[in-house]
Amino acid sequence: MEQARLYHRSPARRRWRSVLFAVAFAAVLGSATAQTLTLAMSAQPDTLDPQLTSATAAFQVAKSIYDTLVEVDRNGEIVPALAESYEVGDDALSYTFHLVETTFHDGTPLDAQDVVATLDRIRDPDTASPKASEFQAITSVEAVDDRTVVVHLSEPAPALIASLASGWGAILPSEKVASGHDFGNEPVGTGPFSFVSWQRDNAVTLAANPDYYQGAPQVDEVVIRFVPDSAVQLQGLMTGEFQVIDTVAAADQELIESNPDLELVRDPSGLALVAALNTRREALADPRVRQALNLAVDSQTVLDVAYGGGTPIGTFMEAGSPWMPDDVEPFGFDPEAARALLAEAGWDSGVTLDLALPQPYENHIQAGQMIQDYLRDVGVNAEIRIVEWGVWLSDIYAGAHDYDITVIGHTGKLDPTGRLDGYGTEATNYPGFDDPEVAQWLEEGASETDVSARREVYANVLRRLHEGAPFIYLGTPSRVHARAANLEGFWITPLLDSFDFRTAHFE
Amino acid sequence: MTRYLLGQAVSFVVTLWVVLTLVFVGMRALPGDAATILGGMDAGAEQIAAIRERLGLAGSWGAQYVGFLGDVVRGDLGDSLRERRPVTAVLLDRLPVTLALASLAFVISLVIGVGLGMLAGLRPGGAVDRFTTLFATAALALPEFWFGFLLILFFAVDLGWFPVIGLPPSGLSWQASWHLLLPAFTLAIPRSAQVARLTRALVLEQRRADYVRTARSKGLTGGAVARHIASNALPGVLPLLALELGGLLTGTIVVEQVFGLPGLGATILGAISARDYPVVQGVTVLAVVVYVGVNWLADLLQLAADPRLRTA
């Protein structure tokens, strides 16, 4: 600990920087009116400790409080962040990061020890991080000097950089890590906003960090309100209580578009929406049956009606992903061909499939109802069963895999390993897809460092997932949010879906 | 009196034990646990086992049950699995919101209910009486959340007099009372209808009583007679009020959801879906204590208010 102290810069210098920033800040604002940006989101975080959660909602809030070594820019590219640069060793077995100068919200300067402590923490079995496996290739993390960190690997792990750019790669202050600080309730990071308060089921309040290393944010305060009901979100947006809402019902889109004070923003999301087919079940074991079910469903209509628009996909990767092979097309809607294929496969029309839908997601339920109708048209009966989220996770996604069909969205991943890991072996994926060659390719892809070779390997996997069809591929929905028309500079990180308030300001 | 108190204490302990056991078993019988839910779609079996270990869910049900009862006896409700802090801290955070909402609703239903009931009972067949009957029928027939939506639509969206949702981000403060009025009215409407109906019936009964006839024959009029009637009729409303007060806490679950209020109702719903067993158990303990306590208080109040019961 004493050793680490030696590397700290003098507080006087920090104070000067704060004064400069404050002056610049006041100049930008002109007047002294404090600006608050209020966003309403439908889900809420379980914790604000970025390493103890896997919930998108947690990272959406935590994004403003913490920084990562590298991050995703508006084009989805991974760019430097707390590490102003990094080099990969010749053997791809080490990464060297050079850190920027900045301070945590508690006033301690960022140094290499913080990176060591953070990466050790997420790998520590006692931490029990749901994301620990993404860091398992790391053998040690070494602080060379106060600005340089080397991460040593046991084998090449090209996906690691994506994990470091994701919310769970957030860098925490080493002193607080050592003292067992409760980051879940009192987060401390280097981010553009510092934590003020969190009232569960109500709001998180954040204050602008005038010392932020990329420049102070332009709004003084961000309030994130938790509002599950989309109608209430919309009402709040119209009355000016919220300036951004993250959920817009398909039926309300027109209303927002016709209001000059509001703006509807439609971005491609990172989601791959699917109706998973349990290939372990006799009725669904034949790939021809699964292909037929794909042909039976008009995925564009499902996307439009249940999700407010989107782009169909033909395999297990979001539309627009650089990993999506050019030669894989969506199945298309052809009930005639579906019937023919079912007949060829000897489909038994006496079978009723169990269509299990996750209760908190209204749009998945609506999609499931539409799928039920489409399947009925080709002579496949499905009975809808709505299950609560905890049941879905434990009985359908994991455990006994007790379902025939279920509808879900797989969230964005910066690297294909995150999406495809385990999809070659029956026991490690919920549709029970089994293909030794796919398993082999996935193993190759995880350690292949040549980008084009890697792309080819994953293209093979994705083609096979198209043919084998362990899913009815629905598509990538648009991520629709609405905002006050005079709000500029707010954006949602592609693929990771986290909110970025750094350049947000009112015109 | 001692026997009465002792009986109450025993029935309280038994009620608490039965309810807690039901909640304990019921929660664990639900598929999935806090570890599965925290792990989400990304964590593998290994990570989920590690999380389960960290949360102390790795032991058998029996061991967990014994540990849990022991803790309750010592007054310890454990730590929230999700929030990683003591359940008592979670409850103390949330209780004020529910308490503020419930007491506001209680006062409103008392004023409206007793007021309307008295007026209706004193002038049966009059305009107020007819209105009260209509109001009571409508209020009891329609679900609570429906009134909530109606109030939001009219007063918050159309008129813009009230905020659409929840508490201000700063939490419970004097400004918050403005936020609490609509949800409190939503809660109070069906309850005031019940109170009004009972009050009306009790007042009508008293009106026919001999002492009223005597009083009138002695020349007493209007206000003085009403005071007599009130002092005899109102203690009869107390048990219902106690029931209402206990029921208010469950009513807040729905209303807090509709209005997005961060009270105990929102807590217990969130805790159930996150399988945060200690929090669900903690809210249950609190609910039993409040329910039993309030009923007991009502009994005592009724004893104090009605001398005839004391000799019984």
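Structure: above.
As the structure is a prediction and not an experimental result, all values here were calculated from the model. (Residues numbered from 1 in each chain as written. Chains lettered and ligands numbered in written order. Predicted model: local features only at pLDDT ≥ 70, side-chain atom pairs only at ≥ 80, totals over all residues. Heavy atoms only, no water.)

## Regarding a positive patch on the surface
Residue and element names in this part refer to chain B.
Here is step 1: Residues Arg123, Arg207, Arg208 and Arg216 make up a contiguous surface patch of positive charge.
Here is step 2: Its location among the elements puts Arg216 in helix α9 (residues 210-217).
Here is step 3: Assessed through its relative accessible area of 43%, Arg216 is described here as partly exposed. (Patch = residues over 30% accessible without salt bridge, like charges linked within 9 Å, V, L, I, M, F, W, Y side chains within 5 Å. Areas by Shrake-Rupley, 256 points an atom, 1.4 Å probe, with all protein chains shown as cover. Salt bridge = Lys/Arg side-chain N within 4 Å of Asp/Glu carboxyl O. Lys, Arg positive; Asp, Glu negative; His and termini not counted. Charge placed at Lys NZ, Arg CZ, Asp CG, Glu CD. Helix = DSSP H or I, 4+ residues; strand = E, 2+ residues; numbered from the N terminus. Buried < 20%, exposed > 50% of the residue type's maximum accessible area, 1.4 Å probe, protein only.)

## Let's talk about the pairing of strand β7 (residues 148-153) of chain A
All names here are of chain A.
Here is step 1: Across the 6 residues that make up β7, a large majority, 5, are buried.
Here is step 2: For strand β5 (residues 94-99) and β7, the ladder comprises 5 bridges, and the chain directions are antiparallel. Pairing of Thr96 across the sheet is with Val150, part of β7.
Here is step 3: When strand β6 (residues 138-145) meets β7, the two strands line up antiparallel, connected through 6 bridges. Opposite Val141, over in β7, you have Val151 as the bridge partner.
Here is step 4: Here β6 folds back onto β7 in antiparallel fashion, the turn holding 2 residues. (Pairing = 2+ DSSP bridges.)

## A few points about unusual backbone geometry
Residues and elements named next belong to chain A.
Here is step 1: The phi torsion at Ala128 lies on the positive side, around 55°, for a residue other than glycine.
Here is step 2: Tracing the chain through its elements places Ala128 in the loop between α4 (112-123) and β6.
Here is step 3: The class for Ala128 is buried, based on a relative accessible area of 4%.
Here is step 4: A positive phi angle is found at Asp497, which is not glycine, with a value near 65°.

## With respect to the pattern of salt bridges
Close approach of charged atoms allows side chains with opposite charge to pair.
Here is step 1: This structure, assessed with the given rule, holds 35 salt bridges over all chains.
Here is step 2: Lys413 of chain A serves as the salt-bridge partner of Asp42 of chain B, at 2.9 Å between the closest nitrogen and oxygen. In this pair, Asp42 of chain B sits in the loop between α2 (34-39) and α3 (45-55) while Lys413 of chain A sits in the loop between β17 (405-410) and α14 (416-420), so the two residues belong to two different chains.
Here is step 3: Asp497 of chain A serves as the salt-bridge partner of Arg479 of chain A, at 2.5 Å between the closest nitrogen and oxygen. On the criterion of sequence distance, the pair formed by Arg479 of chain A in strand β18 (residues 471-484) and Asp497 of chain A in the loop between β20 (491-492) and β21 (499-500) is long-range, its members being 18 residues apart. Considered together, Arg479 of chain A and Asp497 of chain A belong to a single accessibility category, that of buried residues.
Here is step 4: Each of Lys63, Glu71, Asp500 and Arg502 of chain A takes part in salt bridges that share partners, so that together they form one network.

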